[in-house]
Amino acid sequence: DGGITQSPKYLFRKEGQNVTLSCEQNLNHDAMYWYRQDPGQGLRLIYYSQIVNDFQKGDIAEGYSVSREKKESFPLTVTSAQKNPTAFYLCASRLGETQYFGPGTRLLVL
Amino acid sequence: QKEVEQNSGPLSVPEGAIASLNCTYSDRGSQSFFWYRQYSGKSPELIMSIYSNGDKEDGRFTAQLNKASQYVSLLIRDSQPSDSATYLCAVNQAGTALIFGKGTTLSVSS
């Protein structure tokens, strides 16, 4: 099956801990994106990558980091510098002008 | 700051009625327009895209675009309880990430 997978579905972070959210796609899409969604809010862009080994900051990149070593993979690390990480994290990839979303990871702070 | 505005709702309609969802955007350079449906706790799924002025129909859904007024709408005919969800309007300039509105919650009562 072609698609976008995100893991884990739920993730718990302790104070001062870095955690990494996985995003994988087998759609052969070049561009990939990370968004954050807070309750009752729209999606806000964290980082995006239009090609392997290149990525750009979005509107709320502080406290996050990414890598794009392979076309299929775009992991997001939530660092200890992100003081309010509790949110629903969505990964997307793009074909043409259209973005398609993975199922999301819900991050909670212990 | 590029913005996409939606009425948060909730918009309540009876089963079988037409639901009308509206969206305005601030950037006149926007070229692509999308409607996503998001069920509670799930990721957004694409239901319509529109690129030129006028109407675009797909089954019970019609997207309408007026670039002069910077306005895009979604009509849902013969609304069903399964249409109850949050509808996100998203706007794109070529080659960049989507800008999302905060969404309109639709409730269809049987």
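Residues numbered from 1 in each chain as written. Chains lettered and ligands numbered in written order. Predicted model: local features only at pLDDT ≥ 70, side-chain atom pairs only at ≥ 80, totals over all residues. Heavy atoms only, no water.

Draft legend 1. Molecular detail of the state of the cysteines. Residues and elements named next belong to chain A. Across all of its chains, the model carries 2 disulfides over all chains by this definition. Two residues share a disulfide in this structure: Cys23 and Cys91, whose sulfurs sit 1.9 Å from each other. On the sign convention where negative is left-handed, the bridge of Cys23 and Cys91, at about -70° about the S-S bond, is left-handed. You can see Cys23 sitting in strand β3 (residues 19–25) and its partner Cys91 sitting in strand β9 (residues 87–95), a full 68 residues away along the chain. (Disulfide = S-S within 2.5 Å. Helix = DSSP H or I, 4+ residues; strand = E, 2+ residues; numbered from the N terminus.)

Draft legend 2. Fine view of the sheet that holds strand β7 (residues 64–66) of chain A. Residues and elements named next belong to chain A. Strand order in the open sheet formed by 4 strands is β1-β3-β8-β7, and the pairing between neighbours is antiparallel. The two strands at the open ends of the sheet, each matched to only one other strand, are β1 (4–7) and β7. Averaged over neighbouring strand pairs, the angle between their axes works out to 20° when direction is ignored. As defined by bridge partners, β3 adjoins strand β8 (residues 76–78) across 3 bridges and the pair is classed as antiparallel. Residue pairing in the sheet places Thr20 in a bridge with Thr77 of β8. (Pairing = 2+ DSSP bridges. Axes fitted to C-alpha atoms, helices over the stretch in contact; angles between N-to-C directions.)

Draft legend 3. Seen up close, the nonpolar core. Grouped together as the largest cluster of nonpolar side chains are 23 residues, with contacts concentrated most on Phe33(B), Trp35(B), Val72(B), Leu74(B), Ile76(B), Tyr87(B) and Leu106(B). Elements that contribute at least two residues to this core include exactly β3 (19–25), β4 (32–38), β5 (45–50), β7 (61–66), β8 (71–76), β9 (85–92) and β11 (104–109) of chain B. Counting 20 residues, the second largest nonpolar core, distinct from the first, contains Ile4(A), Trp34(A), Ala61(A) and Leu107(A). (Core = buried A, V, L, I, M, F, W, Y, C linked by side-chain atoms within 4.5 Å. Buried < 20%, exposed > 50% of the residue type's maximum accessible area, 1.4 Å probe, protein only.)

Draft legend 4. Broad picture of the confidence of the model for chain A. Counting all residues, the mean pLDDT for chain A is 94, and 98% of those residues have values of 70 or more. When the elements of chain A are averaged for pLDDT, strand β2 (residues 10–13) of chain A gives the smallest value, 93, and β7(A) the largest, 98. (pLDDT = per-residue confidence, 0-100.)

Draft legend 5. Representation of the sheet that holds strand β6 (residues 54–58) of chain B. Residue and element names in this part refer to chain B. Spatially, the 5 strands line up as an open sheet ordered β1-β3-β8-β7-β6, and their pairing is antiparallel. Edge positions in the sheet fall to β1 (4–6) and β6, since each of these pairs with one other strand and no more. Sheet twist, expressed as the mean angle between neighbouring strand axes with direction ignored, is 20°. With 3 bridges connecting them, β1 and β3 associate as antiparallel partners. Bridging from a neighbouring strand, Gln6 pairs with Cys23 of β3.

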